[in-house]
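# Chain and residue survey
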Amino acid sequence: MKKSRSFLKWAGGKYPLVNEIREYLPRGECLIEPFVGAGSVFLNTDYDEYVLADINSDLINLYNIVKQRTDQVVQDSRELFTDEYNQEPVYYQLRTEFNQSRDPYRRALLFLYLNRHCYNGLCRYNLSGEFNVPFGRYKKPYFPETELYCFAEKAKRATFFCENYEQTMMKAVKGAVVYCDPPYAPLSATANFTAYHTNSFNLYDQQRLALLAQDVSESLGVPVLISNHDTELTREWYSAAELVVVKGRRTISRNVLGRTKVDELLALYSQR
């Protein structure tokens, strides 16, 4: 099966691990993702339907608009990928417009533009909820037309929700499978990159997710697969699950040499 890429750049995106995740995801009728992110698992699996959620309202707004108005999004956003828009002053002007805009369609276009033109494709907000990632200085940012159409086609099977992971987990019913890709537990005190949205995902949330996964699996008979860094803490949290170690790739590092392979855990909660 040829791998499909997301139309977004995304810190912690699961594209490199799609084959391993697919191998351990149980079969089912519906895949539920409480942390859909860039959607690499959704794009590279084949379930009858999908329930895809994220706490980031800009992300879910963009997905719904790409699903409903694909041709228009491609046409209007293509103009933002010309040389005149790939300049630092213009980037900051559009970033300010994005932060002030209340128009869902315009925000969607600008979110896509910012994602592809900002530093490292990061998605970060300040405490006021303003997108604050600096200009990325790319020679020619890639316009993901093919990927937008691929996403829109697949999204016909998907329903998108902007909500907390607990609300999404409660949507699980018999026949569903849940895949969770939470913001990863830090490898060290300085490596904490969990505040990708204004609601940061803390250690309590990590533990709560593990307990919820166990509960959903045991009480509803719905299997849950979680991915995270392989650390003593994560092994403790997921002690009730079947654990598999896979080689990940750390891509958020200023130094390319620092982008080393890091062990990741896949924790599967299922009734044996």
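As recorded in an unreviewed UniProt entry, the chain goes by Site-specific DNA-methyltransferase (adenine-specific) and comes from Budvicia aquatica. As recorded by UniProt, the Catalytic activity (unreviewed entry) comment attached to the chain reads in full: "a 2'-deoxyadenosine in DNA + S-adenosyl-L-methionine = an N(6)-methyl-2'-deoxyadenosine in DNA + S-adenosyl-L-homocysteine + H(+)". Regarding the chain, the UniProt comment filed under Sequence similarities (unreviewed entry) reads as follows: "Belongs to the N(4)/N(6)-methyltransferase family."

Here we come to the overall build of the chain. The helix and strand tally for the chain stands at 10 helices and 7 strands. The proportion of buried residues among the 272 residues of the chain is 51%. The long-range share in the chain, meaning contacts at least 24 apart out of those at least 6 apart in sequence, stands at 69%. Of the roughly 13300 Å² that the chain leaves accessible, carbon and sulfur atoms contribute 48%.

The next thing to look at is the pattern of salt bridges. This model, assessed by the stated rule, comprises 11 salt bridges. A salt bridge links E97 to R106; its shortest N-O distance comes to 2.7 Å. Classification of R106 as partly exposed rests on a relative accessible area of 26%. Between E166 and R208 there is a salt bridge, with its nearest N and O atoms 2.8 Å apart. Highlighted residues: E166 in helix α8 (residues 165-169) and R208 in helix α9 (residues 203-220), separated in sequence by 42 residues. According to the relative accessible area criterion, E166 is partly exposed, its value standing at 27%.

Once that is clear, we can look at the UniProt feature "binding site: S-adenosyl-L-methionine" (unreviewed entry) in the chain. The positions that UniProt labels "binding site: S-adenosyl-L-methionine" (unreviewed entry) are, in the present scheme, W10, K14, D54 and D181. Within the fold, W10 resides in the segment before α1 (18-24). According to the relative accessible area criterion, W10 is buried, its value standing at 16%. Residue position: D181 is located in the loop between β4 (176-180) and α9. The exposure class of D181 is buried, given its relative accessible area of 15%. Look past the residues within four positions of D181 in its chain and what remains in contact with it is G12, K14, F35 and S227. Reaching out from D181, the side chain makes a polar contact with the side chain of K14 at a distance of 3.2 Å.

A few words now on the side chain of D205. With respect to the helices, strands and loops of the structure, D205 is situated in helix α9. With no salt bridge to any partner, buried D205 finds its closest opposite charge in R208, at an N-O distance of 7.1 Å. Dropping the residues within four chain positions of it, D205 is found in contact with Y165 and S200.

Moving on: the packing of aromatic side chains. The tally for this structure, following the rule as stated, stands at 19 aromatic pairs. Each ring, one from F98 and one from F111, has its centre 6.0 Å from the other, and the planes form 25°; the classification is stacked. Of this pair, F98 sits in helix α5 (residues 88-100) while F111 is found in helix α6 (residues 104-117), placing the two residues 13 residues apart along the sequence. Note on accessibility: F98 and F111 belong to one class, buried. Look at Y125 and F131: their rings are 5.9 Å apart centre to centre, the planes differ by 90°, and that puts the pair in the edge-to-face class. Counting every residue linked through ring pairs, the aromatic cluster contains F7, F42, Y47, Y50, Y63, F151 and F160. Over the aromatic face of Y105 sits the side chain of R69, whose NZ or CZ is 4.1 Å from the ring centroid.

For the rest of this paragraph, the subject is the state of the cysteines. What makes a disulfide is a covalent bond joining the sulfur atoms belonging to two cysteines. Under the criterion given, the structure shown has 0 disulfides. There is no disulfide at C118, and the cysteine sulfur nearest it, in C123, is 7.8 Å away.

Here we come to the confidence of the model for the chain. Chain-level pLDDT for the chain is 91 on average; 90% of the residues reach the 70-or-more range. Between residues 192-198, whose pLDDT stays under 50, and residues either more than four places distant or in other chains, the model counts 23 contacts.

Right, let's talk about the environment of A185 for a bit. Among the structural elements, A185 can be located in the loop between β4 and α9. C-alpha separation for the pair A185 and D230, spaced 45 residues apart in sequence, amounts to 8.9 Å. When residues no more than four places from it in sequence are discounted, the contact partners of A185 are Q206, N228, H229, T234 and W237.

About the cut-offs
- Residues numbered from 1 in each chain as written.
- Predicted model: local features only at pLDDT ≥ 70, side-chain atom pairs only at ≥ 80, totals over all residues.
- Heavy atoms only, no water.
- UniProt positions renumbered as here; feature names shortened; annotations may be inferred.
- Helix = DSSP H or I, 4+ residues; strand = E, 2+ residues; numbered from the N terminus.
- Buried < 20%, exposed > 50% of the residue type's maximum accessible area, 1.4 Å probe, protein only.
- Contact = heavy atoms within 4.5 Å.
- Areas by Shrake-Rupley, 256 points an atom, 1.4 Å probe, with all protein chains shown as cover.
- Salt bridge = Lys/Arg side-chain N within 4 Å of Asp/Glu carboxyl O.
- Polar contact = N/O pair within 3.5 Å; in protein donor to acceptor, adjacent residues only side chain to side chain.
- Lys, Arg positive; Asp, Glu negative; His and termini not counted.
- Phe/Tyr/Trp six-rings, centres within 6.5 Å; stacked < 30°, edge-to-face > 60°.
- Lys NZ or Arg CZ within 6 Å of the ring centre and 35° of its normal.
- Disulfide = S-S within 2.5 Å.
- pLDDT = per-residue confidence, 0-100.

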